[in-house]
Amino acid sequence: MSFPAIRMRRMRRDAFSRALMREHTLLPGDLIMVAFVIEGEGRRERVPSMPGVDRLSIDGLLELAGECVRLGVPALALFPAPDPAVKSEDAAEAWNPDNLMHRATRALKAKYPQLGLIGDVALDPYTTHGQDGLIDADGYVMNEPTVQALVKMSLAQAEAGMDFVAPSDMMDGRIGSIRDALEAAGHIHTRILAYSAKYASSFYGPFRDAVGSAANLGKGNKHTYQMDVANSDEALREVELDLAEGADAVMVKPGMPYLDVLRRVKDAFGAPTFVYQVSGEYAMLKAAAQNGWLDEKAVVLESLTAFKRAGADAILTYYALDAARWLRGE
Ligand code: PBG
């Protein structure tokens, strides 16, 4: 034969055949918006390391929720940036039935019952030391006492109407304990999104600014509970345990540097698998776009499509509303 019979470029020649062979399609329904909530009324605070992301008081959060509903973004993940005055050693504000998170949940559910709400379950916004759990005299995060606190926090969120509780703390055994407590309290429909493969990543810096835990954490780190960035077999073990303990969906976090982990998790378990395009990823894309170095719309949609290709069923991203608008041609 004088020339190969297989020409890969034939199918790429025209838009119609490119469309027909396209394996994955990104939709607004794949996206989960992320929001930071603060006390007050009519308050909107910039997050300097995340241009375009504002911390919102509950009224602003309701507007954002309305945009999610209008654009077909099915869920909103909520993170509180509570007043420093409510922080304590024991993080008790986390399960105060009237705390900011629970007031936000009730307001959102009253106005937009169809919008899924995902509540962060970890103590870092509420501790004076910025760790995700309770610490002993040496500063070590104690597993079982922390799990007991996370159980109280999860029950309080479920009580307020949260659809998903999402433990992002990486304590051992917390999924099973939370699941037992939810069942015992009759919250049989409350879903658990387990941050199963959560890495001790340096891509969380802007988030820690946003929730106000960065200063408290200081030079501290989370290496005794979050995963070593060098590992992926360990991620599979974490996911296996969380599913066995009763997780409804699992998560890989961060996103873009961890597509290999995402693919392995999806292939190994076939469970609902979410990925989190974290604050540092957002900050990088935004900064390059603002400098005119990257085409923002193109690179954001490319990064989100890559998550689907790698096996994600849903994507938490600060770009959810922008991406939904772009996908809808707005
Ligand atoms: C803490 C938590 C973090 C994020 C979500 N929950 C930061 C951390 O582990 O220090 C990071 C999210 C992001 O960077 O966008 N429980």
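This structure is a prediction, so every number in the text was calculated from the model and none was measured.

Conventions used here
- Counting from 1, residues in each chain are numbered in the order their sequence is written.
- In view of the model being predicted, local features appear only for residues whose pLDDT reaches at least 70, and side-chain atom pairs are presented and counted only at 80 or more, with totals across whole chains, interfaces and linings using the full set of residues.
- For each residue, a C-beta atom is placed from the backbone, and the residue counts as near a molecule or strand when that atom lies within 6 Å of it.
- When residues are sorted by character, Ala, Val, Leu, Ile, Met, Phe, Trp, Tyr, Cys and Pro go into the nonpolar class, Asp, Glu, Lys and Arg into the charged class, and all the rest, Gly among them, into the polar class.
- Think of it as a crowd count around each C-beta: if 20 or more other C-beta atoms lie within 10 Å the residue is buried, if 12 or fewer it is exposed, and in between it is partly exposed, with C-beta placed from the backbone throughout.
- In this description a helix means any DSSP run of H or I spanning at least four residues, a strand means any run of E spanning at least two, and both kinds are numbered starting from the N terminus.
- Paired strands, in this sense, are two strands between which DSSP finds at least two bridges.
- Here the term right-handed applies to a crossover when the path leading from its first strand over the helix to its second strand runs clockwise, the strands being oriented away from the viewer.
- Expected span of a helix: the number of residues minus one, times 1.5 Å.
- Each direction from the helix axis to a C-beta atom contributes to the arc, which is the arc of those directions.
- In this description, a residue-residue contact is defined by the distance between C-beta atoms placed from the backbone, which must lie within 7 Å.

Peer 1: Got a sec to walk through the site of the ligand? Specific residues and values, please.
Peer 2: Neighbouring residues of the ligand: Asp120, Ala122, Asp124, Asp132, Ser168, Asp169, Tyr204, Phe207, Arg208, Lys222, Val278 and Ser279. Considered class by class, the residues forming the shell around the ligand number four nonpolar, two polar and six charged.

Peer 1: Report on the pairing of strand β9 (residues 273-277), specifying residues and quantitative values.
Peer 2: Burial analysis of β9 places five of its five residues in the buried class, which makes it a mostly covered element. The side-chain alternation of β9 yields two buried faces, one formed by Thr273, Val275 and Gln277 and the other by Phe274 and Tyr276. When strand β8 (residues 249-253) meets β9, the two strands line up parallel, connected through three bridges. Pairing of valine 250 across the sheet is with threonine 273, part of β9. Where the polypeptide runs from β8 across helix α9 (residues 259-269) and back to β9, its parallel neighbour, the crossover connection is right-handed.

Peer 1: Lay out helix α11 (residues 296-309) with the relevant residues and their values.
Peer 2: Each turn of an α-helix holds 3.6 residues, which means side chains three or four residues apart point in the same direction. Taking 1.5 Å per residue as the helical rise, α11 with its 14 residues ought to reach 20 Å, and the 20 Å between its terminal C-alpha atoms agrees with that figure. Among the residues of α11, those classed as buried are Val300, Ser303, Leu304 and Phe307. The buried residues of α11 occupy an angular sector of 90° when the element is viewed end-on, so they sit on one face. Across α11 from its buried face, at more than 90 degrees, point the exposed residues Ala298 and Glu302. Residues of α11 that are buried make contact with β9, α10 (279-290), β10 (314-317) and α12 (320-327). Once α11 ends, the next one or two residues include glycine 311, with phi positive near 115°.

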